[in-house]
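# Reading the structure
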Amino acid sequence: MKIVAPAPGRPVRGSSTGRPIMAALDLFGRRGLLRILWELRGEAPLTFRALAAAAELPPGTLNARLKELKAAGLMATEGAYGLTPLGRDLLAALEPLVLWSEDWARAYPPTDS
């Protein structure tokens, strides 16, 4: 079975036109995908077993997400899993959101409610 990842120009959840931002948000909204990207942020490629342990995903879900990341051009597999240059660009683009979330966490600490 061929895995089809959300892609610009194709209808995706929330967009019949497949606008690039909507395709990206659809991809990022899939269970565990952002966690996999986070785990792949290092320079060293990871094995399936290492990713499964780090991402805490069932093997079937992990396998589907890895296929989607590869189909989207964000991940390469050469003996192990690592990000492509486009995947690294994505992490750099997400860095302002990481910084914002840290500011948000300081401004709104957890409550006991």
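Structure report, in brief. (Residues numbered from 1 in each chain as written. Predicted model: local features only at pLDDT ≥ 70, side-chain atom pairs only at ≥ 80, totals over all residues. Heavy atoms only, no water.)

## Some words on the packing of helix α3 (residues 48–55) against helix α4 (residues 59–71)
Where α3 meets α4, the closest approach of the two axes is 10 Å, and the angle between their N-to-C directions is 110°. If you check the angle between α3 and α4, you find them roughly perpendicular. You can see that α3 and α4 cross each other, and the crossing is right-handed. Contact residues: α3 offers F48, L51 and A52, while α4 offers P59, L62, N63 and L66. Here the residues of the contact of α3 with α4 sort into 6 nonpolar, 1 polar and no charged. (Axes fitted to C-alpha atoms, helices over the stretch in contact; angles between N-to-C directions. Helix = DSSP H or I, 4+ residues; strand = E, 2+ residues; numbered from the N terminus. Parallel < 35°, antiparallel > 145°, perpendicular 65-115°, else oblique. Left-handed = near helix turned anticlockwise from the far one by under 90°. Contact = heavy atoms within 4.5 Å. Nonpolar A, V, L, I, M, F, W, Y, C, P; charged D, E, K, R; others polar.)

## Remarks on the environment of L83
Note on placement: L83 falls in strand β2 (residues 81–83). Along the chain, L83 and E43 lie 40 residues apart, while their C-alpha atoms are 8.6 Å from each other. Aside from chain neighbours lying at most four places away, what touches L83 is L37, L40, R41, L74, M75, R88 and L91.

## Focus on the layout of surface pockets
Computed from the structure, the largest pocket encloses a volume of approximately 240 Å³. F28, L34, R35, L37, W38, L91, L94, E95, L97 and V98 are the residues that line the largest pocket. Looking at the lining of the largest pocket, the elements that each hand over two or more residues are α2 (33–39) and α5 (85–107). The dominant element in the lining of the largest pocket, judged by the number of residues it contributes, is α5, at 5 residues. Residues of the lining of the largest pocket, tallied by class, amount to 8 nonpolar, no polar and 2 charged. Considering only enclosed or pocket space, the second largest pocket measures out at about 170 Å³ in volume. Along its surface, the second largest pocket is lined by P6, A7, P8, P20, A23, A24, L27, F28, A72, L74, L86 and L90. When residues of the lining of the second largest pocket are traced back to their parent elements, those giving at least two are α1 (20–28) and α5. (1 Å grid on protein atoms, 1.4 Å probe; cavity = no way out; pocket = protein on both sides within 12 Å on 5 of 7 lines; lining within 4 Å. Points joined across faces, edges and corners; volume = space filled by probe spheres on them.)

By themselves, these observations are geometric and do not establish any function.
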